[in-house]
Structure formats: C-alpha cells, structure tokens
Amino acid sequence: MRTVSVFGSTGSIGCNTLSLLGAEHHVKVLTAARNAAKLADQAIAHKAELAVIEDETLLPELTSRLSGTSVRATAGQTALIEAAQEPVDWAMSAIIGSAGLAPTLALAGSARTLALANKESMVCAGELVNAKCAASGCQLIPVDSEHSAIFQALAGQDSKQVRRVLLTSSGGPFRTWSLAQMKEASLADTLNHPNFSMGQRITIDSATMFNKALEVIEAQQLFAVTSEQIDVVVHPQQIVHSMVEFQDMTILAQLGSPDMRGAIGYALHYPQRKPLPIEPLDFMTLSRLDFEPPDETRFPALRLAREVLVHGGLTGTVFNAAKEVALDKFIAGHIGFLDMADLIAYVLDRLVEESAVQHSTEGLDIVMGMDKSARDIGQTWRPT
Ligand code: NDP
C-alpha cells in the first residue's frame, strides 16, 4: 500500500490524478480552495484521512458534509502546510498559481516522491524547491507534459551530453490569428483550446503563450540548462510532447495522445510503466506532424521569458506575479487580451530598472515579498 496526498484535488490535474489511483493507494490528504462539496465527495469516495479547505469560512460546510464519516476536516493556510508536512510515499502538487509554492516546499520535505504540476513553484523559487528535495531525498517528477517528456527522454542519459531541449507548443487557439484579431479576442475565444481540456487559467496562459514562457523558466530550473539551450517549437498536433537533442545530434522525443493522464500516470508509477486509460497513437491514421517557429511579435511572452532568464534571481517570481494580476484583470473584463503582455512587461521593466529584483532565493519570505511588490505595481498599470 502506498500513501498518497493530492494538493489541489478538485482541479483539473487533481481530478485526473484521483481517477488513476487504484486499490494499492491509500489516500492521506486531499485539498481545495473553496469547493467544499467536491472536496467532501472526493474524500468520501477515496476514503481519505484528511480533507483541507483553504478558505476557513467553509470549514463548517466541509465538516457537515463529512459528518458520519472517518474523514477529518481542517481549514486555512496553516492547516494546508501542516497537511503537506505529513509524510507520504507520493504527493501531487496541483494547486494553481503561487498559492502552490508553500505547500510544494513542505511536500518536498515530506514526500518520498513529489509529482509537480504546480509549475509556478519552479518559476518563483526553483532553487528553494531543488534544495529542499536534495536535503530530504525527495524524488521530483515533473507533470507538465513537456517537462515529463524531457524527463523521460533524459532517463538513463548523461545530462552533460544535452545540447538543447525543445519544448513543443500547440500555438493555442490564436496560432493563425492576426494581431488585429487578437486585440479583440474575448474570454470565450481564449478558452477554446484546440487539444487539451484544462483549467481556465492555464487555458488562457496557453492562448497568450505565457504558459510556454513559464515552462521555459521551469525547464531551466528542472534540468539545469542555459537560456541558449532551450528552444520552443510550435507543433499544433501536440503529439510530440517535447524533445532533447544530444551532442551527437540525436534527438529523443516522447510521443503520445494529448492527454494529461499520460504525464500524471508516468509520475504515479515511476520508475515502472503501467497501463493507462489513454487513446493509443495510431500512426496509420496520423496524417501529419507540423512544426513551425513561434511568432514573438504576436506572442511576446517568449521574449519576456528570455528576459527573465537573463536577469535571473527572482525575476521569475516577478513575471509570474504580474502574469497572475494580468490574468485576473482579463478574466474580469478590465483589460484586453494583448494588454496582458504589456502589463507584465511594465512590471518587469519597473522592477529591473529600479534594480529592485532580488537575487537571493534564501527563503520563502523573500520570494513572497517580491511577489507582493510585483502585484502592487501590476495593479497600478493602465492600458494606454
Ligand atoms: P485548476 O484551476 O483546475 O485547479 C486548481 C486547484 O487548486 C483546485 O483544487 C483549487 O481548489 C485549488 N486552489 C486554487 N487556489 C488555491 C489557493 N489559493 N489555495 C489552495 N488551493 C487552491 O488548475 P489545474 O488543475 O489546471 O492546474 C493545476 C496546476 O497544474 C497549475 O500550476 C497548472 O499550471 C499546472 N498544469 C495544469 C495542466 C492541466 O492540464 N490542467 C497541465 C500542466 C500543468 P478549488 O477547486 O476549490 O478552487
């Protein structure tokens, strides 16, 4: 029996993770932010030991939904971190945004294997997460499909022989849209992802390619490669999940149907491979695989990611915080689609110019302080 915790269990990655658990898994902790009904249903269905809701006002509802069961209920930030400190064999970090950072760090100290979907942890504080894993002996396995592909391509290889990593990108719903069309893009247009069914925020990040920008920064932290060693290739079919090019010019690619359960299942069963409920890839009907360079004029996100890699330190934290502010404003209808990149560029410029970006990731407080400064500046931005 393996003990398992899923942080962010009510989300898209969390639900997919739960769907893959079997009789050999004993669920210790499940968590949500506000969806008490779904969290309670999951906790009962999976016989979890503990259900944690981040919003403390919802503890009475959660407790009442769990009454008569053996599941304990707790609430709030402190409870979330305490739950993440519970030792487990395997944990999934799938809270969205920088809210996932503190739980991820706690899990890195307590889980034997940490499946990491919360890319923001690596973007904002990759050094801290890596150091925590090294100190505790926790095995970190990326769950982002691109990083899972790279992780799989690197298995058994000498990382010193890596020439480049090539992150693939679908190009999102606006791959063929003009700049003028993108300026008018609505929230509904943005949520219309061609291949993957994902949570709302990451779907918007795919349309802007902010998601790819986060992944570029994440790749640098996960695989210790330089900015020059990371390339992005637009691949609309998303069959090739990413690739690694070695010094002998051999490229190892990982292919499969576009289904997040592939990367989650790989992390769950690592180092074994077990059957997963995924459509097999049929090369006889697969008509074509296309590749093209990303257009950094229409998608400035990638240019901004390079800036982050050049400046280093906590620039990733600034980028992510500004992006979260931009996303909130876009979802609320206060700014347009293209304004999001302008807001992030403004915040980065302000903090980099003022040399205010800290270069130390010594502790979570420093990271969260930088996050707050970036959010405050982001709130002051207005479209011209
Ligand atoms: P969702 O928005 O679908 O789910 C987020 C989860 O986090 C929910 O359980 C939510 O609870 C919880 N949550 C949200 N805010 C907080 C908070 N402040 N404190 C505690 N819990 C919180 O996200 P996804 O599943 O799409 O993504 C999760 C992570 O995985 C992200 O970092 C994303 O970038 C990454 N990822 C996602 C992929 C995908 O296919 N979806 C692919 C690759 C990576 P509640 O339901 O109550 O709101």
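A few points on the structure. Sequence order as written defines the numbering, with residues in each chain counted from 1. Restriction of local features to residues with pLDDT of at least 70 applies here, the model being predicted, together with a cutoff of 80 or more for giving and counting side-chain atom pairs; totals for whole chains, interfaces and linings are based on all residues. Note: side-chain values were computed over all heavy atoms of the structure, leaving out hydrogens and water.

### A closer look at helix α7 (residues 145–154)
Right, so step 1: Relative accessibility decides the category of a residue: with a 1.4 Å probe and only protein chains considered, values under 20% of the type maximum give buried, values over 50% give exposed, and everything between is partly exposed. Under the DSSP-based scheme used, a helix requires at least four consecutive residues in state H or I and a strand at least two consecutive residues in state E, with every element numbered from the N terminus. Of all 10 residues that make up α7, 10 are buried, and the element is covered over most of its length.
Right, so step 2: Of the residues making up α7, those classed as buried are Ser-145, Glu-146, His-147, Ser-148, Ala-149, Ile-150, Phe-151, Gln-152, Ala-153 and Leu-154.
Right, so step 3: Looking one or two residues past α7, Gly-156 carries a phi angle of roughly 80°, positive in sign.

### Describing the environment of Ala-36
Right, so step 1: One can find Ala-36 in helix α2 (residues 36–45).
Right, so step 2: Distance from Ala-36 to Leu-338, taken between C-alpha atoms, is 35 Å for residues 302 residues apart in sequence.

### A closer look at the state of the cysteines
Right, so step 1: Note on terminology: disulfide denotes any pair of cysteine sulfur atoms within 2.5 Å. A complete count under the given rule lists 0 disulfides for this structure.
Right, so step 2: In this model Cys-138 remains outside any disulfide bridge; the closest cysteine sulfur is found in Cys-133, 4.1 Å from its own.
Right, so step 3: Accessibility expressed as a relative area gives 8% for Cys-138, which makes it buried.

### What to know about the side chain of Ser-110
Right, so step 1: With respect to the helices and strands, the residue Ser-110 is situated in helix α5 (residues 101–110).
Right, so step 2: Note on Ser-110: relative accessible area 13%, which makes it buried.

### What about unusual backbone geometry?
Among all residues except glycine, the phi angle is most often negative; among peptide bonds, the trans geometry is most common.
Right, so step 1: Omega for the bond connecting Tyr-270 with Pro-271 falls within 30 degrees of zero, at 5°, which places this linkage in the cis form.
Right, so step 2: A positive phi angle is found at Met-249, which is not glycine, with a value near 70°.
Right, so step 3: Mapped onto the elements of the fold, Met-249 is located in the loop between β10 (240–246) and β11 (251–255).

### Quick word on the side chain of Ser-206
Right, so step 1: Counting through the fold element by element, Ser-206 comes out in helix α10 (residues 200–208).
Right, so step 2: Residue classification places Ser-206 among the buried positions, given a relative accessible area of 10%.
Right, so step 3: Leave out the neighbours within four places in its chain, and Ser-206 touches Gly-172, His-193, Met-198 and Asn-211. Only heavy atoms matter for contacts: two residues are in contact if any of them lie within 4.5 Å across the pair.

### A closer look at the sheet that holds strand β5 (residues 88–93)
Right, so step 1: Here the rule is simple: two strands pair whenever DSSP picks up at least two bridges between them. Read across the open sheet, the 7 strands follow the order β4-β3-β2-β1-β5-β6-β7; overall the sheet is parallel. Sheet topology places β4 (72–75) and β7 (139–142) at the edges, where each strand pairs with a single neighbour. Direction aside, the axes of adjacent strands within the sheet are offset by 20° on average.
Right, so step 2: Where strand β1 (residues 2–7) meets β5, 4 bridges bridge the pair, whose relative direction is parallel. Bridge pairing in β5 places Phe-7 opposite Ser-93.
Right, so step 3: Think of each axis as a best-fit line through the C-alpha atoms, taken over the contacting stretch in the case of a helix, with angles from 0 to 180 degrees between the N-to-C directions. Sheet strands in contact with helix α12 (residues 260–269) are β1, β2 (25–32), β5, β6 (111–116) and β7, and its direction is about 160° off that of β5.

### Remarks on the site of the ligand
Right, so step 1: A single heavy atom is enough: if one lies within 4 Å of a molecule or strand, its residue is considered near that molecule or strand. Within the structure, the ligand sits among 24 residues, and Thr-10, Arg-34, Asn-35, Glu-120 and Asp-144 are positioned closest to it.
Right, so step 2: Between an oxygen atom of the ligand and a side-chain N or O atom of Thr-10, the distance comes to 2.6 Å.
Right, so step 3: Contact distances for the ligand include 3.5 Å between an oxygen atom and a backbone N or O atom of Ile-96.
Right, so step 4: In isolation the ligand exposes 900 Å². Once the protein is present, 86% of that is buried.
Right, so step 5: Secondary-structure elements contributing two or more residues to the shell around the ligand are α1 (12–20) and α6 (119–136).
Right, so step 6: All amino acids are sorted into three groups, where Ala, Val, Leu, Ile, Met, Phe, Trp, Tyr, Cys and Pro are nonpolar, Asp, Glu, Lys and Arg are charged, and the leftover types, Gly among them, are polar. For the shell around the ligand, the residue count by class is 11 nonpolar, 8 polar and 5 charged. As used in this structure description, the phrase polar contact means that two N or O atoms lie within 3.5 Å; if the pair is within protein, one of them must be able to donate a hydrogen and the other to accept it, and residues adjacent in sequence are counted only when both atoms belong to side chains. Accessible surface is estimated by sampling points in the Shrake-Rupley manner with a 1.4 Å probe; for residues, cover comes only from the protein chains shown.

### Overview of the sheet that holds strand β8 (residues 162–169)
The strands that make up a sheet are held in pairs by hydrogen bonds between backbone atoms, and each pair lies either parallel or antiparallel.
Right, so step 1: Across the sheet, 4 strands lie side by side as β9-β8-β10-β11; this open sheet has mixed pairing. The open sheet has two edge strands, β9 (230–234) and β11, and neither has a second partner. Across the sheet, the mean angle separating the axes of adjacent strands is 20° when strand polarity is ignored.
Right, so step 2: Inspection of the sheet shows β8 paired to β10 by 5 bridges, in the antiparallel sense. Within β10, the residue paired with Arg-164 across the bridge is Glu-245.
Right, so step 3: Contacts from helix α11 (residues 210–223) reach β8 and β9, with the element oriented near 155° to β8.

### Comments concerning the packing of α6 against α11
Right, so step 1: Where α6 meets α11, the axes come as close as 8 Å, and the angle between the chain directions of the two elements is 15°. Comparing the axis directions of α6 and α11 gives the class roughly parallel. For the pair α6 and α11, the sense of crossing is left-handed. Seen from α6, the contacting residues are Lys-119, Met-122, Val-123, Gly-126, Glu-127 and Asn-130; seen from α11, they are Asn-211, Leu-214, Glu-215, Ile-217, Glu-218, Gln-221 and Leu-222.
Right, so step 2: Tallied by class, residues from the contact of α6 with α11 come to 5 nonpolar, 4 polar and 4 charged. Should an angle lie under 35 degrees it is considered roughly parallel, over 145 roughly antiparallel, and from 65 to 115 roughly perpendicular; all remaining angles are considered oblique. For any pair of crossing helices, the crossing counts as left-handed if the nearer helix is rotated counterclockwise from the farther one by less than a right angle, and right-handed if it is rotated clockwise.

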